[in-house]
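# Structural overview for review
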Amino acid sequence: MDKLFANLKIIVPEKIYVKDPESSDLGKRIVEHSIKLIDEAGFEAFTFKKLGLLIGSNESSIYRYFESKHKLLVYLSSWYWAWIEYQLVFETHSLNPIDKLKKAIEIIARRTKEDSKFSHINEVTLNKIIVNENSKSFLTKEVDQENKDGYFVIYKRIVHRLRDMIKDINPDYEFPSSLASTIIEGSLHQHFLKDHFKSITDCKTGVTPVHFYQNLVFNTLKS
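Counting from 1, residues in each chain are numbered in the order their sequence is written. Per-residue local features are limited, in this predicted model, to residues with pLDDT of at least 70; the limit for side-chain atom pairs, both in listing and counting, is 80 or more; totals at the level of whole chains, interfaces and linings are taken over all residues. Only hydrogens and water are removed before side-chain values are computed, so all heavy atoms of the structure are retained for them.

### Comments concerning the overall build of the protein
For helices the rule is a DSSP run of H or I covering at least 4 residues; for strands it is a run of E covering at least 2, with both sets numbered from the N terminus onward. Per the secondary structure count, the protein includes eleven helices and zero strands. Reading the secondary structure of the protein in the N-to-C direction produces α-α-α-α-α-α-α-α-α-α-α. Two things to know: the radius of gyration comes from C-alpha atoms, and the globule rule equals 2.2 Å times the number of residues to the power 0.38. For 223 residues, the compact-globule formula gives about 17 Å, and the C-alpha radius of gyration of the protein, at 18 Å, lands near that figure. Each principal axis of the C-alpha distribution contributes one length, and for the protein these read about 60 × 40 × 35 Å. Within the protein, contacts between residues separated by at least 24 positions form 68% of all contacts whose residues are at least 6 apart in sequence. A total of about 11,900 Å² of accessible surface is found on the protein, and carbon and sulfur atoms cover 52% of it. Whether two residues are in contact is decided by their heavy atoms, any of which lying within 4.5 Å being enough. To be clear on the numbers: accessible area is Shrake-Rupley with a 1.4 Å probe, and residue cover counts the displayed protein chains and nothing else.

Below you can see the structure in the form of structure tokens.
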């Protein structure tokens, strides 16, 4: 397993970027420091000018990789979901249907730990960005065209993987896609509430979004 991961390359849809940031040292620095800056300042306050100052590069150099900060956020989101997808594939491949869905919910809803295989990306910080900013990658006027262009194909693949796991347990359940997408978006929301609106969630120390969604899903599939 470790040997397989040693050569792992996260693939992001090509239309999202102008030049693949994984292809150069500058591109990797753009990704690495954009994660740090978005985490510190928030996406609204983030600009390519600020990023350029941080990495000691011209703003125009960043535009050679990404057309806009929106495209950069879509890239970060796609990279994150592709990384989650690899974990889903490798950590659930030999499990029975019930354990597979339990593990899948755990992978999606758990707090992220840093992965040393990608030295220029801090997955813990990226996870915080996804919790706080992920919806901004698709809540735009351009979402339908970007969807047609394949920007969200990785995210949708994860929904479909979860949907199929749900159907394997209960083929008669009427809403497998809705439940799958609820697990993904809901787990992000519960982490946000746990951090910022503690009085309106039951998730707290010792009770995580993993516990909540495993309970919700398996009780739902029983009925």
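Resuming the write-up.
### Digging into the packing of helix α9 (residues 153-169) against helix α10 (residues 176-196)
Axis lines are fitted through C-alpha atoms, for helices just across the contact stretch, and the angle between N-to-C directions can take any value from 0 to 180 degrees. Two elements in contact, α9 and α10, have axes whose closest approach is 8 Å; the angle formed by their N-to-C orientations is 125°. It follows from the interaxial angle that α9 and α10 lie oblique. In this structure, the crossing between α9 and α10 has a hand that is right-handed. Where α9 approaches α10, its residues Y155, I158, V159, L162, R163, I166 and K167 are matched on the opposing element by P176, S177, L179, A180, S181, I183, I184 and E185. For classification purposes, an angle smaller than 35 degrees is called roughly parallel, one larger than 145 roughly antiparallel, one from 65 to 115 roughly perpendicular, and anything else oblique. Crossings are sorted by hand: turned counterclockwise from the far helix by less than a right angle, the near helix makes the crossing left-handed, and turned clockwise it makes it right-handed.

### As for the packing of aromatic side chains
Ring pairs shown here join Phe, Tyr and Trp side chains whose ring centres sit within 6.5 Å, with only the six-membered ring taken for Trp; geometry is labelled stacked below 30 degrees between planes, edge-to-face above 60, and tilted in between. On inspection of all chains with the given rule, the structure shows 13 aromatic pairs. Here W81 and Y155 contribute two aromatic rings whose centre-to-centre distance is 5.5 Å and whose plane-to-plane angle is 70°, an arrangement assigned as edge-to-face. With a gap of 74 residues between them, W81 in helix α5 (residues 69-92) and Y155 in helix α9 connect regions that are remote in the sequence. An identical accessibility class is assigned to W81 and Y155; each is buried. Aromatic side chains F192 and F197 sit 6.2 Å apart centroid to centroid with 35° between the ring planes, which places their arrangement in the tilted category. Buried, partly exposed and exposed residues are distinguished by accessible area as a fraction of the type maximum, computed with a 1.4 Å probe on protein chains only: under 20%, between the cut-offs, and over 50%, respectively. Classification of F197 as partly exposed rests on a relative accessible area of 43%. Members of the aromatic cluster, joined through ring pairs, are W79, Y80, W81, W83, F138 and Y155. Any Lys NZ or Arg CZ that is within 6 Å of a ring centre and within 35 degrees of that ring's normal is treated as a charge sitting over the ring. Note that K69 overlies the ring of F43, its terminal NZ or CZ placed 4.7 Å from the centroid.

### A short note on the nonpolar core
Ranked by size, the top nonpolar core spans 60 residues in total, and within it Y75, W79, W81, I84, L101, L162 and I183 carry the most contacts. If one sorts the elements of this core by residue count, α5 sits on top with twelve residues. With residues near it in sequence (within four places) discarded, W79 still touches I10, V12, E22, F118, I121, E123 and L126. Put simply, buried Ala, Val, Leu, Ile, Met, Phe, Trp, Tyr and Cys residues joined by side-chain atoms within 4.5 Å make one nonpolar core.

### Thoughts on the pattern of salt bridges
In the sections that follow, a salt bridge refers to a side-chain nitrogen of Lys or Arg positioned within 4 Å of a carboxyl oxygen of Asp or Glu. The tally for this structure, following the rule as stated, stands at 14 salt bridges. Note that E85 is salt-bridged to R157, the shortest N-O span being 2.7 Å. With E85 in helix α5 and R157 in helix α9, the pair connects residues that are 72 residues apart, well separated along the chain. Exposure remark for E85: the relative accessible area of 7% places this residue in the buried category. Measuring nitrogen to oxygen at the nearest pair gives 2.5 Å for the salt bridge that ties E133 to K136.

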